Each structure stands twice: as C-alpha cells, then as structure tokens.
Amino acid sequence: MNLNDLKDYDKKYIFLNEFKLEKEQRIELLLFLINFFKIPGKIEDYYLVLGGRGLISRHNFQNSDFFIQNARILLKTLNQKKVYLDELREYESSEYEKLYTRVGNKFIKVKNITEELAEREELYLKLLSLEIRYKLPKNEFAFQKGKRYGIIIDEKPIEIKLLDEIVPRKISKPRRKKRSRLKLSISDLIKEAQEIDETLSQEGNSYRKRVLENTTFKFVKQQSIQETKNIEINNITNKVGQVGSGKSTLSDAIVKKLAKENKKVVVIESSVPKVLKKAEELNRLGIDAIPVIGSSNWTDHINKVSDGKDFLSDFDSEILTSGCALGGLINEADLSIDYGKEPCTKIYKFYERGASRLNQLNINKTYQCPFYYSCPRTSIQTRIFDANVIVTTTAALATMKIGISGMTLFQYTLEYVDLVIVDEAESELQKADQIFAPYVSIDDYIRNNGSISGEFYRKSSDERTSSNLNLRNFISLHQQSNDIFMKINDLLKNDKHGFPRSRLERPFSGRNLIRECWERNLLPEDLCKELEQMSNLNRNRRYIGILRDFISITNKNQLFENFSAYGWGTTKDLTRAQVNRVIFICSVLYFEHLYRELSNLVEKGTELPNSTKEILSQRFEFHQRYIPVSPIGNIFGLQYKDKEKNGKSDLCIVKQFATGRAMYLRFPWLKVDTNGNPLGPHVLLLSGSSFVPGSLSNHIDEHVNYIIEAEPYKRKFIEKSHFEYLNTGVYVSGSGEKRNERLRELVSECKEVIIEKLESNDNILMIVNSYEDVTVVYTKLREILSDTPFKEKIAYIAPDDDNSNDPGKVKQSKVTDVVFKDAKILVSVAVLIERGHNIVDEKGNAYFDTLMFMTRPMPRPDDYRSHVSKVNGYIMAKYSNRNEPVNTETFKQMRSDAFYMYNLLGQSEDRLDDLDTQVQKDIVVTLFVMILQIFGRLCRIGNQEDMKSKAPDVYFADAAFKAKNQNGFDLLNSLVDYLEEIMSEKGIDGEIAKTLYDPFYQALRKGRKIYDKLSLVY
C-alpha cells in the first residue's frame, strides 16, 4: 500500500507493515508536518520533531500531537540527524516534483501548485489523520502433510515426525481497553486486605488489614495536604510513604480489587524469584495472574528458584520445568531440548531436491510449532491475553515478546493494560534507563564472544564445514571485529589517534569524527568528502574491502599504498597526526560495519550464547517509535576511559536507544487519540525515597498525589535509633590501591564494637561497596573472631553464579536464608540489600539490630550507566512541567543541557572537595537514599504488641564519611543540612519531606559525632 492508494481509502486506520512511502515522500511528509502546524525552527533541526522530546516537556496534548505521533511512527529513522540530512539533500537534488521549496532557512509551499501536488498535500493530511496499527506476521506452521521437518540440536539436524496430524490452536487478542480513571475507596481496599489475610496469613494474623486501617492516607492538592478516604489513579499517580507504611500491602489490595472489576494490571517486581512468588500468591487469591520472565536465561531462573530447596513448588514447577512437546518426539536417546532453547519458532523443512541435500535442513526459512498454544512448556502463553494480572520485571517489559507471533510485551501493555504498578519506583526507573542504554567494555566483548570461536575451531574441518552458514559467517565477522576492536584500543593507549584525549572520553563514532575533521580543517577537504562517502557502507559497498585492510595498516607508507591500490584518498601530503586520524577513523568505521553485520545475524536467529545476543541484538524497533529518544539523541559509538592513576583503561561500546525512564513516566501519553487524550495505561508509582530534590537519578519530578503515613508507633521506633560516627581514623573510600589494606585495618579497629554488639546478642549487618570488599571483610572478621564463639556465625552475600562450598556464603537471590543460617554477622554489598529484602523473624521484626557502614555506599564515579540515569533524570526534572508548544529550539537546548551534564559528571577530580557543587549535592542525596534504604531493612517491626524493643544502632566506621579538615567536604554534615533544607521548605514540599524523613532526621541529627558544623554551602 502506498500514498496514492489512500485516495479512495475509507478505513480509519492503516497497518504500518503494509504501508510504504517513497524516499522523497518521507522528507516531504515531515516538511508538511512542520508547515501545517507552523512549528518554528531551522531546516537543519526539523528532525528533532521526530524524537519525541515533546513528551518530556508536557503533560497536556492535543490534535497536533496525534499527527506528530504518527509521523514518528512512519518516519522513525529520520529522527537521526545524519539520515535526515542525507535524505534532505537527495530530496532537493532529485527531479521529483516538489511540494516545498527552500527559502532562507525554512521550507515553504511552492506557489501555484499543480492539481497533482494539491492532491498529494491532501493525502499527507489524510495519512497523518489515520490510526496506525500493527499487523502481526502470519504464522506458517510446520508439519504440513507430506513434508519433512526438523530442528537443530548441537548443530545437528534432527527430524521430527508426528504420530497424527495436528490443527494448531489459535487464540484471540483481548478487546482494546476503555480508558477511564480508577477510583478506589480505602474501606474497599481494607476489605480486600482482609480477604488476602484470610488466605495468605497464619490463622488470626490480619496484619494487612491492620496496616491499612491504621495507616493515614493523605491527598496532596496543589497548595494543601488533607486526609482522604479515597484514592484516584489517573495517568501518573505518585504515592510516597516511609518504610513500613504499607505501600506493598496497598498495592496488593489494589490489584485484588481491580481484578474483580476485570481490569488488566501489570505489576513490576525487582527480580525473577519475586515475580514467581508474587504470581503464585495472586493465584492463591483466585486472581488469574501470569508471570512473564525472559526465556533466554531459563536455566538460570530454575537454578535461582530451586537453589537450596529439595523440590520446587507446584506453581514454580509448572512454570519453569514443564517439558517441550517436541522433546518427546526425538528418537535419538542422547539428545534433548534444553530449557530456554525450545524451537517454538525455529523449525525447518528438509530440502526436497538434490540428492546431496535431502537430509539437510533449509535454515533460510523458519516455521512455527503447531503445539505452541497447547504445549506444556508454552501453555502459559494462552493465558497471557486473558489474564487480569501480568507480573514481570522492568527488563522483561522492555525486551520480552509474547505469543507465537512475537508481539512485544511493551506493545501489549501500551494497548491493552489499564494500570502498571511500579514499587520502588526510582530504582525501576534507573533500570529502564540502563536497559535502553547498553554498555559493553572491550574485555566483556571479547570474553563473552570468545567461547564461540573456541568451540567452533575445536571441531574437525568436516564439522566446521557442515555448520550452518550463519554461524560460519558470524565466526568470520566476529574474529575480524575482535582484531579491529583491539587495534582501536591499542591506538588509543599509544596515543596514535590524532584527537584530544578528552574528546574520546565522550562517546564518538566514525561519522562524528569525520565531521569534526571537516569543520575544524583537521584533514584535507577531498579526503573528508571521501571518508564521508565511506561512512555510508550500505550505499558504497566497494569501501568494505578498503576498510578491511586497516586491520593491518599502521603507518603512512601503508596508508598511501592503500590509497593507490584502491584509487581513493588524497594526493596531498599528510602530517603524522593526520595519518593517525585517517587510520583511526577507518578502523572505527570498519568496526561499526562489522558490529552491524553481526547484529543482523543475531536478528536472523543465529544460535549464539545469551551474552552475545544481549551485546548485539538489542534494537527496540517498536519502542523507538513511542518512547522519547535519549536526551543527547540515540547513539551508537565508542568511548575510551583512561585511568592513569591506577593503570587501567578501557574501550567501550555505548548505545542509547531511548530515555528509558520515560517508558514509565510518560506511559499514558506514549499513544494518544486524535484529540491528544492519553491511550496508554495509568501508572502507579510507589516509593519511600523518590522525593529527594537534588538527586539527579533518584528524584522523580512528578507531582506527589498521595502520602502514606505509617502508624505512629513505627515512627517513634525509628526516632529512637542511635547513630554514631566511630572516628576510627581509617579512610577506606578514596584510598585507591590501598583500599584492601585499609579495609582490613578498619575491621581490626572496630573489633571492640563488633564483639560488644555480638555479646549483647545483636545481629550485625555490615555494608561495603563491592564483592572484593566483601571477601576482604569476611576473611578479616574470621581472623579477629577466631578465638570467640562467633567465628562460625559470619555470613556474606555472594553472586548467584558463585558455586563455592564456603559455609558462610549466602547467594544474592537467597539473602533471606541468613535467618536460617542463624548468622550473627552478614557482610553485604550495598546495592544488593538496599531495597526489597525484608529479612525478618517469625514476628515480623527485623533480623538485624546493628548496621555498620565499612565504606561509603556510593557507585563508581565513572560508571557510564549511572551517568545515563543521572542525565535522564536531570533532563526530565528540568523540562517536565514546561508545557510549551513543540519547538525545535527547546529540543536543541535539551540536548545541550544533556551534554553539559555528561561533561560535568565526567570531571576527573579525585577529591569530593573539588567537584562541581551540583555534583556534590547529587552525591550527598544519592548517599542519603542508599543509607535510608539500607537502614529501612532494620526498621521492619511487627504488631505493636510483638515489636522488638531495641531500636537500630547505626555506625559509620569509614573515616571518609567526615571531612579530613575544616574546609573539606563532609558527607554527614552535608546530609543533615540537606534534610533540614528540604524539610524547612514552605508549602507542600516541606510537608512531604517531613512525613517521609523526619523520624530518620531526628535520630541522625542527635547522633554521636555526626553533626559538628553549623552549616554547609553546596
């Protein structure tokens, strides 16, 4: 279907995958949009309109936004500046009869347009007025009568023969939702909580009902806060509440109530084990709830859930270990279908002609399994479209496909779901940011892919020859990509790249390096022009052979020999720096080409390890048509991190596909109707630490709609906590190569406090920053406690893939097992225990009594993924409530601000004292969130009559929490000052802060040696 077919078209929608615009029409459709709505801006910036940045700066939309939404869907690739400018040049130079002409720095409609052009203009208007739908691909099922089919196991073709013909079961998609506000009364939710207690709690324990009855719910208006008996969920609803206030209980009650009303809800959990646990609980309550988890890591899911158990629950067993129907039809005794490798959509037909190929599978065409919706392994897929509740993770929501036709879970949620519930909201927003901005170091790239080549070349030559063509191509391309990637790394380490080092510490690509050379006259103009052509290998395939030679080109003579042999380059002489630039740029261009080719092979379904697929195959084609682009624009490039002080450096692949957190924060408006009304799901955000002005990544700058205030006895319990700075004189954080030595010294310094607490029957939670820290502290603890009864009472958290037999080990996903180990000390990495782990005794009281921070719980300052979240949070906070008309100047400023913040976060200062004040404040607030969340693990208490009497003791052992001198940067002083600052704000912001943080603040402020300075200026 093309543009002219719309002349007599009478439907109100089109299918995207059945519609095609000519190249000139793509540009002209964008020019029509700009002119029709009189969108201001320069010609070179028109592409910015297609990036979805207008979604970031507004909450109210209109008819023009429906048109822009459709243009984004139809013209997705034009949101990239290079693609846009290339197609614009072709449009202007073509013989195509144009509707628009350039006048100064804008395009205007030509005068005295012909009847044909007038009709084309009307068709553009009609096209953008239609709803754009997606038609799922038609399934072609295997095992047609009279044909031979098979699957591939360990690269061997295995024929599958059915005993009888089978008619594939079909399922129908649900009706599209009728969007409306969700209104709930607290009294109804209390009733739901009571019903949950009757099913899930021990007899007579109605703690969920009690929590909701005794919790105070407050509605936040623009200028006032008042108690409420009702909750309304509309678009983005932001609920905040301190630890123990009943946020999770409220969520469960809402889910149960909405399920009765036949609403569809997606519940986001933080991990796969929690997804399965929550889905099982909901099913016990009579709710049709389906867990949706990634299929590629299925064996890992089984291992995590079953670790330490004699057997799986019936629910987990049905979900995780049901068998594949085709597995029972394999005749070879030594072959089976591994979990996660079921050939649901990878069945092949045997060649029917050619004697030499009769027993070979034609892997160029795939067929679907007719058992899909009746097979035990995938039968759950039949329930997804009818289920009231889907329980999943942020990663699965962003990446999973459901059903045999491959609809993305994101698309299903956008079109059919009424509500998405996101607990620990700021944490899930950061996960979304990082999912849409993957980052791979050279070491990971080579290590994760290296096993493929090793296995391939260990085979005999006959086996290698018989391997499928896609795999052979992959191995060849992969080896070249390794070689050129390592060459780029060597050029960087040896300063043979011709660019300022600071430039390469920001993401770069071959194209933007060429552009810089052109704009700054770093290379001759004729050479820049040729390199520009070379950067578009899809159109200039002859350059591939030229670039391949750059794996071995190292000097000027070899470069000019390449110029001469292939008839390209320049006749002008080049300086050493210019030679280095050309070699470096061409090496980068060739790596980018190989990476795209490898990615294409993965998309075709080549059997590869999951780690390789994660590195190469993430494209988010559907998502990019709806979620706003990254604030700096979607990128694929390289980035060099040079750390001279510790002798480490790394070359990384960086990609950004979208502003990840906008998936949640703009879900309602990612799809709008013709009047700009939201069609996406409502989103309920729940958190106890998302209201933290000054934090770039943790603060959610959406209006707080409701405050959940915990029962008074819980607030008083927190207020009685004891905080103390130990003043050990041992500085661990920031000590560089001496870190391990300092950690051991610090543990020795704390021996007296540790033994005192253990002899008082306290259980201690010790916090460090990395697994290496954990090992150092655990080993030293066993040494200093070797002559005490507590030597064997020490535990530590280890990664899930740690298969050692150390008796003190507790796997990350099994952290609550520390209770059953009867451990008195648990050493943990901060990020593993900060959220969601309620380690409690049989009465619901926190297992730990004392908290010791052995290091400052802070992320690495050069962590790219952390920077992505901070920049995304910064941009959404700065622009979220502007409600300005679409304006390319605003979008340009947004990009400029994003680059500014990346540069600010990339400061190389080693001391906190020397950092920009905005970055300092972000560090303080980020530290506060981490401390608060970990502290919350010790603040879980049961019913008032059963609660523990002793409030938590918190010790800051690392001397780096305080300043070394009077003018230094003091984290604990800054933390107290920050809390005073936000709680003293006039109006609702101050009230929100007091409700959330006052008990913590009161305890911290009066802590021993915590606050010893009157004020701090950020």
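Residues numbered from 1 in each chain as written. Predicted model: local features only at pLDDT ≥ 70, side-chain atom pairs only at ≥ 80, totals over all residues. Heavy atoms only, no water.

Colleague: Describe the overall build of the chain, and please don't skip the residues or the numbers.
Modeller: Secondary structure assignment for the chain yields 36 helices and 31 strands. Computed over C-alpha atoms, the radius of gyration of the chain comes to 30 Å, within 12% of the 31 Å expected from 2.2 N^0.38 for 1018 residues, which places it in the range of a compact globule. Seen through its C-alpha atoms, the chain measures out along the principal axes to roughly 85 × 75 × 70 Å. Within the span of the chain, comprising 1018 residues, buried residues form 57% of the whole. Of all intrachain contacts in the chain linking residues separated by at least 6 positions in sequence, the fraction that spans at least 24 positions is 75%. Measuring between centres, the 150 positive side-chain charges of the chain sit 3 Å from its 143 negative side-chain charges. (Helix = DSSP H or I, 4+ residues; strand = E, 2+ residues; numbered from the N terminus. Rg over C-alpha atoms; globule rule 2.2 N^0.38 Å. Buried < 20%, exposed > 50% of the residue type's maximum accessible area, 1.4 Å probe, protein only. Contact = heavy atoms within 4.5 Å. Lys, Arg positive; Asp, Glu negative; His and termini not counted. Charge placed at Lys NZ, Arg CZ, Asp CG, Glu CD.)

Colleague: Quick rundown of the pattern of salt bridges? Include the residues and the values.
Modeller: As enumerated under the stated definition, the model contains 57 salt bridges in all. A salt bridge links Glu724 to Arg1008; the nearest nitrogen and oxygen atoms lie 2.6 Å apart. Taken together, the residues span a long stretch of sequence, with Glu724 in strand 25 (residues 722-725) and Arg1008 in the segment after helix 36 (988-1005) at a distance of 284 residues. (Salt bridge = Lys/Arg side-chain N within 4 Å of Asp/Glu carboxyl O.)

Colleague: Please give an account of the nonpolar core that cites residues and values.
Modeller: Membership of the largest hydrophobic core comes to 255 residues, with the highest contact counts inside it found for Phe956 and Leu979. When residues no more than four places from it in sequence are discounted, the contact partners of Phe956 are Phe723, Glu724, Tyr725, Leu726, Phe853, Ile931, Phe961, Leu972, Leu1004 and Ile1010. One finds Ile488, Leu531, Ile553 and Phe584 within the second-largest nonpolar core, a separate group that totals 52 residues. (Core = buried A, V, L, I, M, F, W, Y, C linked by side-chain atoms within 4.5 Å.)

Colleague: Explain the side chain of Gln624 residue by residue, including any values.
Modeller: As for its position among the elements, Gln624 is in the loop between helix 24 (610-616) and strand 21 (635-643). Among residues more than four places away in sequence, those in contact with Gln624 are Arg72, Lys76, Arg619, Asn634 and Phe657.

Colleague: Explain the environment of Thr779 to me, and be specific about the residues and the numbers.
Modeller: Relative to the assigned elements, Thr779 resides in helix 29 (residues 771-784). Placed 35 residues apart in sequence, Thr779 and Arg744 show a C-alpha to C-alpha distance of 8.8 Å.

Colleague: So what about helix 14 (residues 425-435)? Which residues, and what values?
Modeller: Burial analysis of helix 14 places 9 of its 11 residues in the buried class, which makes it a mostly covered element. Among the residues making up helix 14, those that are buried are Ala425, Glu426, Ser427, Glu428, Leu429, Gln430, Ala432, Asp433 and Ile435.

Colleague: How would you sum up unusual backbone geometry? Please name residues and give values.
Modeller: One non-glycine residue with positive phi stands out, namely Asn112, at about 50 degrees. Note on placement: Asn112 falls in the loop between strand 3 (106-109) and helix 4 (115-129). The residue Asn761 is not glycine, and still its phi comes out positive at about 70 degrees.

Colleague: Just give me the short version of empty space enclosed by the protein, but keep the residues and values in it.
Modeller: For the structure shown, the criterion picks out 5 cavities of 30 Å³ or more. What lines the largest cavity is a set of 18 residues, and nearest its centre among them are Leu55, Asp65, Ile68, Gln69 and Arg72. It is helix 2 (residues 63-74) that contributes the most residues to the lining of the largest cavity, 4 residues altogether. The calculated volume of the second largest cavity comes to roughly 60 Å³. (1 Å grid on protein atoms, 1.4 Å probe; cavity = no way out; pocket = protein on both sides within 12 Å on 5 of 7 lines; lining within 4 Å. Points joined across faces, edges and corners; volume = space filled by probe spheres on them.)

Colleague: Before we move on, could you go through the sheet that holds strand 12 (residues 265-268) and cite the residues and values that matter?
Modeller: Strand order in the open sheet formed by 9 strands is 9-8-24-11-23-19-12-16-13, and the pairing between neighbours is mixed. The open sheet is flanked by strand 9 (225-227) and strand 13 (289-291), the only strands paired with a single partner. Across the sheet, the axes of successive neighbouring strands diverge by a mean angle of 20 degrees, strand direction being ignored. Relative to strand 24 (residues 706-709), strand 11 (residues 236-241) runs parallel, the two sharing 3 bridges. (Pairing = 2+ DSSP bridges. Axes fitted to C-alpha atoms, helices over the stretch in contact; angles between N-to-C directions.)

Colleague: A description of the confidence of the model for the chain should follow, citing residues and the corresponding values.
Modeller: This prediction gives the chain a mean pLDDT of 87; 93% of its residues lie at or above 70. No element of the chain has a lower mean pLDDT than helix 16 (residues 461-466), which averages 54, and none a higher one than strand 19 (residues 419-422), which averages 98. Segment residues 1014-1018 is flagged for pLDDT under 50; beyond a separation of four residues in sequence, or across chains, it makes 11 contacts in the model. (pLDDT = per-residue confidence, 0-100.)

Colleague: Please provide a residue-by-residue account of the packing of aromatic side chains, values included.
Modeller: Tallied over the full model, the rule gives 42 aromatic pairs. With a centroid separation of 4.5 Å and 45 degrees between ring planes, the pair formed by Phe436 and Phe620 is classed as tilted. Highlighted residues: Phe436 in the loop between helix 14 and strand 20 (439-441) and Phe620 in the loop between helix 24 and strand 21, separated in sequence by 184 residues. Residue Phe436 is classed as buried on the basis of its relative accessible area of 0%. (Phe/Tyr/Trp six-rings, centres within 6.5 Å; stacked < 30°, edge-to-face > 60°.)

Colleague: Can you tell me about the state of the cysteines, naming the residues and giving the values?
Modeller: Using the criterion set out here, one finds 0 disulfides in the structure. Free cysteine Cys324: the closest other cysteine sulfur is in Cys375, separated by 4.9 Å. Cysteine Cys517 shares no disulfide, and the gap to the nearest cysteine sulfur, in Cys528, comes to 5.7 Å. Judged by its relative accessible area of 1%, Cys517 is buried. (Disulfide = S-S within 2.5 Å.)

Colleague: Let's hear about the sheet that holds strand 15 (residues 361-367): which residues, and what values?
Modeller: Read from one edge of the open sheet, 4 strands run 6-5-14-15, paired in antiparallel fashion. Edge positions in the sheet fall to strand 6 (156-160) and strand 15, since each of these pairs with one other strand and no more. Going across the sheet, the axis of each strand differs from the next one's by a mean of 45 degrees, ignoring polarity. Two elements, strand 5 (residues 149-153) and strand 14 (residues 347-350), share 2 bridges in a ladder whose sense is antiparallel.

Colleague: With reference to specific residues and values, describe helix 32 (residues 864-879).
Modeller: Between its terminal C-alpha atoms helix 32 stretches 22 Å, which fits the 22 Å expected from 16 residues at 1.5 Å a residue. Across the 16 residues that make up helix 32, a large majority, 13, are buried. (Expected span 1.5 Å × (residues − 1).)

Colleague: Can you break down the pairing of strand 26 (residues 764-768) residue by residue, with the values?
Modeller: Across the 5 residues that make up strand 26, a large majority, 5, are buried. Covered by surrounding structure in strand 26 are Ile764, Met766 and Val768 together with Leu765 and Ile767, the residues of both alternating faces. As defined by bridge partners, strand 26 adjoins strand 29 (residues 825-829) across 5 bridges and the pair is classed as parallel. Along strand 29, the bridge assignment pairs Ile767 with Ser828.

Colleague: Talk me through the packing of helix 1 (residues 23-36) against helix 2; I want residue IDs and the actual numbers.
Modeller: Two packed helices can be described by the angle between their axes and the distance between those axes. Where helix 1 meets helix 2, the axes come as close as 11 Å, and the angle between the chain directions of the two elements is 165 degrees. Comparing the axis directions of helix 1 and helix 2 gives the class roughly antiparallel. For helix 1 against helix 2, the interelement crossing comes out left-handed. Across the interface between the two elements, Arg26, Leu29 and Leu33 of helix 1 pack against Phe67, Ile68, Ala71 and Leu74 of helix 2. Per-class residue counts for the contact of helix 1 with helix 2 are 6 nonpolar, no polar and 1 charged. (Parallel < 35°, antiparallel > 145°, perpendicular 65-115°, else oblique. Left-handed = near helix turned anticlockwise from the far one by under 90°. Nonpolar A, V, L, I, M, F, W, Y, C, P; charged D, E, K, R; others polar.)

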